[in-house]
Amino acid sequence: MPKKSQSRTFRKVLIANRGEIALRIGRACREMGIASVAVFSDVDRAALHVLEADEAYRLGPAPASESYLRGDLLLDIARRAGADAIHPGYGFLSENADFSEACEQAGIKFIGPPASAMCALGSKTRARQAADKVGMPRTPGSTRGLASLEEARKVAEQIGYPVMLKAAAGGGGKGMRAVTRAQELKSAFEGAQSEAERAFGSSEVYLEKLIERPRHIEIQILADEHGHCLYLGERECSVQRRHQKVIEEAPSAVVTHDLRRKMGEAAVRLAQSAGYTNAGTVEFLLDDEQNFYFLEMNTRLQVEHPVTELVTGLDLVHLQIRIAQGEPLPITQKQIQLRGHAIECRVYAEDPENGFFPSPGKITRLLQPGGPGIREDCGIYEGWVVPLDYDPMLSKLIAYAPTREAAIARMLRALDEYVIGGIRTNLAFFRRILNDPDFQSASIDTGYLDRLLLQPPENSAASSEKHEEIASIAAAIFESQRAAVGAAPPPPANAWQRMAREEGLRR
C-alpha cells in the first residue's frame, strides 16, 4: 500500500509531450486554474500545443532523442519555469522509471506512478511474475527473459506451438514474433532480439503461448495515494494492425457484468500489490469461452482514454492531477456506472493504399466534424506542417451514443464531415471498417483487421479520393457558373461539396 501523502495544490505543470495529448493536458490544467508549460522541438515551434500553453520552452532539434526524450532538459526547464509537477502524457518518458525517480529527487511531482511501481509492472516479465503472486490468470510461458535460443526451444516445446516472442521492455508491436512451428523459432528469436534492442535499448525477450483469435480487452484503473483503487470498466481494443490499435470502444460488446467485475478486481489486486498510484491500464486477452489471460500493464494514461471518460462521465486527466496533489479519490466503486457506448478512431497522416506509409506535409484544408455526441482530440490546424519525425497520429475522433449501433452511425456521419487536405489520411479506411458486417456485429478479434485487408475493398480509398477530387473541381466550376448568373446555390450535402463551395467563392 502506498504511503499516505499530504495534499498540495499545483500552481504550474510542465507537459512533457507534444501534439493532441499535450493540448488535452493543457486544457485540463486551465480548467483547474493551473498554469501550463509547453515544450517543443524545432519542428514543433508552431504546433498547437505550444500556441495554447501559458508558457513554452525550446527543447532541441527534431529527433526525439535530442528533445522529448531528454529528461535532463525537461527537468532543467521545469526548474526555470517554476513548475510544481510534470505530466508525461503517453509515449516518450511516460513509462521511464529513471525519469520518474529523477523528478522525485528534484522535488518535482511526476504525475503518474512511482518509480518502484513502474519497475514492478512496466517490464512485461516482472509484471508476469507479479501476476503470478496475486493469482491472476496469464498466458503460459516464461516469466523471465530468455537466456538463449536453446532455452526458448525448451519453453516452446513445454507449452506447445504456436507461441509468441515478445520484447520484455517494449510495446506497440515492436519485438514481437508469432511462431507456428519449431523450424521458425531461430530466425524469429534473433529477429525479435534485434528489433527489441533497436527500439528499447534492451534485447530481452520472453515467450508465451499464442492464444489464437483472442479479443484484446483492457481495464482502466485509478489509484490514489491513500490506498484506494478503482476499476472503470473495460475497453475493446481488438481492431489492430501489426499489434497497434486502430479503433477502440467502450464497453466491449461481449463482456458481461460478471466478467467485468472479475477482470476489474484482478486488475485492482495487481496494482495494489505493487503500490501503484495514479492512472494505469491492465491488458488482457479474452478467448471464445470468456477465459481471460493477463497480457501486460501500461503504467500511464492510454491513447484511448476518451472512450472511458465518455461512458463513465469522469475526467481522467483531472483525476490524475488531483491524485498527484495528494487528494483521495472522490468516488467509490459502487458509484461507477457505465452509460452508453463510445468508439474512437485514431486518425493518422498515412496512406492505406500505399502500405500505410506516413504522409507528412502541409495541411491545406481542414473541415472538422461536430454535432451531438462527437468529440475530437486533436493538435492540428489548417496551414500546419505535419512533421515526419514523430508518430503520424493527427487526432482522435470519438463518437458517443446510447447504443453501439447508434455510435457507429454517428461515427460514420462524422467521418463524412471530416476533410484534411494536402496530405493522405486513413479517414476512408475507417469508413470501410465501420461499414463491414463483421465489425457491425462485433465479430472481431486481434486478427480481424489483417483478414479484412486481404479482401479487395468494394470501392478503394484511392478511387474514392479520386472521385471526390473530380467532384470537387466540377462543383467549384458549377458554383462559379451559378454565381455568374446570380443563382442561389443549393445547400451542400457533404464535406467535399462544402469545400468546393468555399473554394469557388474565393475565386
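So, how was this worked out
- Residues numbered from 1 in each chain as written.
- Predicted model: local features only at pLDDT ≥ 70, side-chain atom pairs only at ≥ 80, totals over all residues.
- Heavy atoms only, no water.
- Helix = DSSP H or I, 4+ residues; strand = E, 2+ residues; numbered from the N terminus.
- Polar contact = N/O pair within 3.5 Å; in protein donor to acceptor, adjacent residues only side chain to side chain.
- Contact = heavy atoms within 4.5 Å.
- Salt bridge = Lys/Arg side-chain N within 4 Å of Asp/Glu carboxyl O.
- Buried < 20%, exposed > 50% of the residue type's maximum accessible area, 1.4 Å probe, protein only.
- Phe/Tyr/Trp six-rings, centres within 6.5 Å; stacked < 30°, edge-to-face > 60°.
- Lys NZ or Arg CZ within 6 Å of the ring centre and 35° of its normal.
- Pairing = 2+ DSSP bridges.

Before going further, it helps to spend a moment on the side chain of D377. Position of D377 relative to the elements: it lies in strand β19 (residues 374-378). A polar side-chain atom of D377 sits 2.9 Å from a polar atom in the side chain of R375. Excluding residues that lie within four positions of it along the chain, D377 makes contacts with E20, R24, P306, S395, K396 and I398.

Enumeration according to the criterion identifies 39 salt bridges in this entry. A salt bridge links R18 to D44; the shortest N-O distance between them is 2.6 Å. Taken together, the residues span a long stretch of sequence, with R18 in the loop between β1 (12-15) and α1 (19-31) and D44 in the loop between β2 (35-41) and α2 (48-52) at a distance of 26 residues. One exposure class covers both R18 and D44, and it is buried. Its salt-bridge partner being R261, residue D258 comes within 2.6 Å of it at the nearest N-O pair. Here the residue D258 and the residue R261 both occupy positions in helix α9 (residues 257-273), the gap between them amounting to three residues, near one helical turn. Among the charged side chains, a salt-bridge network with shared partners connects E218, R235, K245, E248, E283, E304 and R346.

All chains considered together, the criterion is met by seven aromatic pairs. Seen in terms of ring centroids, Y68 and Y390 are 5.6 Å apart; in terms of plane orientation they differ by 80 degrees. Their pairing is edge-to-face. In this pair, Y68 is assigned in the loop between β3 (55-60) and α3 (71-81) and Y390 in the loop between β20 (385-386) and β21 (393-401), connecting sequence segments 322 residues apart. On the accessibility criterion, Y68 (0% relative accessible area) is buried. Summarising the aromatic geometry, the rings of F99 and F110 are spaced 6.0 Å apart at their centres and angled 85 degrees between planes, so their arrangement reads as edge-to-face. A residue pair is termed long-range when its members are at least 10 positions apart, and F99 in helix α4 (residues 97-105) and F110 in strand β5 (residues 109-110) qualify at 11 residues. The same class applies to F99 and to F110, which are both buried. Joined through ring pairs, the aromatic side chains of Y68, F92 and Y390 make up one cluster. Just above the ring of F356 sits the side chain of R241; from NZ or CZ to the centre is 3.8 Å. Above the plane of the ring of F439 lies R404, whose end atom (NZ or CZ) is 4.7 Å from the centre.

Tracing the sequence through the fold places E405 in helix α12 (residues 404-417). E405 gets classed as exposed once you look at its relative accessible area, which sits at 56%. Sequence-wise, E405 and S441 are 36 residues apart; in three dimensions their C-alpha atoms are separated by 9.1 Å.

Next up on the list: the environment of I21. Along the chain, the position of I21 falls in helix α1. A relative accessible area of 1% places I21 in the buried class. For the pair I21 and C378, spaced 357 residues apart in sequence, the C-alpha separation works out to 7.9 Å. Once residues within four sequence positions are removed from consideration, I21 is found in contact with G89, Y90, L301 and H305.

Read across the open sheet, the five strands follow the order β3-β2-β1-β4-β5; overall the sheet is parallel. Bordering the open sheet on either side are β3 and β5, each of which pairs with just one other strand. Here strand β4 (residues 85-87) runs beside β5; their pairing, made up of two bridges, is parallel. The partner of A85 across the bridge, within β5, is K109.

With that settled, consider the pairing of strand β10 (residues 229-241). Counting buried positions along β10 yields 13 of 13 residues, so the element is predominantly enclosed. Note: strand β9 (residues 215-223) against β10, six bridges, orientation antiparallel. Paired with I217 across the strands is E236, a residue of β10. The antiparallel hairpin formed by β9 and β10 contains five residues in its connecting segment, where G227 sits at a positive phi of about 95 degrees. The pairing of β10 with strand β11 (residues 244-250) spans four bridges and is antiparallel. Bridge pairing in β11 places Q240 opposite K245. Counted between consecutive antiparallel strands, the loop separating β10 from β11 contains two residues, among which R242 sits at a positive phi close to 55 degrees.

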